[in-house]
Amino acid sequence: MRLHVVDHPLVAHKLSTLRDERTDSPTFRRLTDELVTLLAYEATRDVRTDEVEITTPVAVTLGTRLSYPRPLVVPILRAGLGMLDGMTRLLPTAEVGFLGMVRNEETLEASTYATRMPDDLSGRQVYVLDPMLATGGTLVAAIKMLIERGATDVTAVVLLAAPEGVEVMQRELAGLPVTVVTAALDERLNENGYIVPGLGDAGDRLYGTA
Ligand code: URA
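Residues numbered from 1 in each chain as written. Predicted model: local features only at pLDDT ≥ 70, side-chain atom pairs only at ≥ 80, totals over all residues.

Going by the annotation in an unreviewed UniProt entry, the name recorded for the chain is Uracil phosphoribosyltransferase, with Streptomyces rubellomurinus given as the source organism. Regarding the chain, the relevant UniProt record gives this comment under Catalytic activity (unreviewed entry): "UMP + diphosphate = 5-phospho-alpha-D-ribose 1-diphosphate + uracil". In its Pathway (unreviewed entry) section, the UniProt record describing the chain reads: "Pyrimidine metabolism; UMP biosynthesis via salvage pathway; UMP from uracil: step 1/1." (UniProt positions renumbered as here; feature names shortened; annotations may be inferred.)

Okay, here's the thing in structure tokens:
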């Protein structure tokens, strides 16, 4: 597994406002959207392309086009939904699948309650969206499932990562074609499984506490 921490002043600026407890939900949603678009630019650096011949008003030349099958973007419900528009802004022709996963707040284990995506992902590049890489349980379960379905490489786009979660992913997904792209690698997890300093509960901050 490769870890890529995106080092860019605009990412750092937007992330700092996102972390601030005074930032309200509408602003949090907008900043998440903007941040994901910046992360998506880095996350898609290795998206597969083909060379194509195109005709400009002046000449025939060689251009670049995304390969088929198109990439699949998979937000993990609920909080990953807040990242979908930011990602598909740069990949408008991607297919979108959905994965509903919930973590037990006591055991911190992830379980799947909804899956909506093609059974066969052979030859597909997949981008998984989940704002917080905390214990790593959810992302490990999601990525294993995608690779079992045939995905050739998986990139997880997260806003924040905890070192503990990165370590779990490195151990559980060793040797697999997986990349994590994050806006920051934070200090640690606290006893409740929250990332420190973090930004709190991403789902609650995106959508309120409903
Ligand atoms: N999920 C969140 O929303 N926040 C954390 O800090 C950890 C997991």
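Anyway, onward from the coordinates.
Student: Which residues make up the packing of helix H1 (residues 9-19) against helix H2 (residues 25-43), and what values do they have?
Tutor: For the pair H1 and H2, interaxial distance at closest approach is 10 Å and the crossing angle is 155°. One finds that H1 runs roughly antiparallel with respect to H2. Read as a crossing pair, H1 and H2 show a hand that is left-handed. Note on element contacts: H2 touches H1 through Phe28, Leu31, Thr32, Glu34, Leu35 and Leu38, opposite Leu10, Val11, Lys14, Leu15, Thr17 and Leu18. Its residues placed into classes, the contact of H1 with H2 shows 8 nonpolar, 2 polar and 2 charged. (Axes fitted to C-alpha atoms, helices over the stretch in contact; angles between N-to-C directions. Helix = DSSP H or I, 4+ residues; strand = E, 2+ residues; numbered from the N terminus. Parallel < 35°, antiparallel > 145°, perpendicular 65-115°, else oblique. Left-handed = near helix turned anticlockwise from the far one by under 90°. Contact = placed C-beta atoms within 7 Å. Nonpolar A, V, L, I, M, F, W, Y, C, P; charged D, E, K, R; others polar.)

Student: Please set out the environment of valine 166 residue by residue, giving values where relevant.
Tutor: Here valine 166 is to be found in helix H5 (residues 163-172). Using a count of 19 C-beta atoms within 10 Å as the deciding quantity, one classes valine 166 as partly exposed. Setting aside chain neighbours within four positions, we find valine 166 in contact with Leu3, Leu133, Ala161, Val180 and Leu185. (Buried ≥ 20, exposed ≤ 12 C-beta atoms within 10 Å, placed from the backbone.)

Student: Any chance you could break down the pairing of strand S8 (residues 125-129) for me, citing the residues and the numbers?
Tutor: For S8, the buried fraction is high: 5 of the 5 residues fall into the buried class. With burial as the criterion, each face of S8 is covered, one bearing Gln125, Tyr127 and Leu129 and the other bearing Val126 and Val128. Alignment of strand S4 (residues 72-77) against S8, held across 4 bridges, turns out to be parallel. Residue pairing across strands places leucine 72 opposite valine 126, the latter belonging to S8. As judged from the 5 bridges shared by S8 and strand S10 (residues 153-161), these two strands associate in the parallel manner. (Pairing = 2+ DSSP bridges.)

Student: Explain the site of the ligand to me, using residue names and the numbers behind them.
Tutor: Near the ligand the following residues occur: Met132, Ala134, Gly193, Tyr194, Ile195, Gly198, Asp201, Ala202 and Gly203. For the shell around the ligand, a count of residues per class yields 5 nonpolar, 3 polar and 1 charged. (Near = placed C-beta within 6 Å.)

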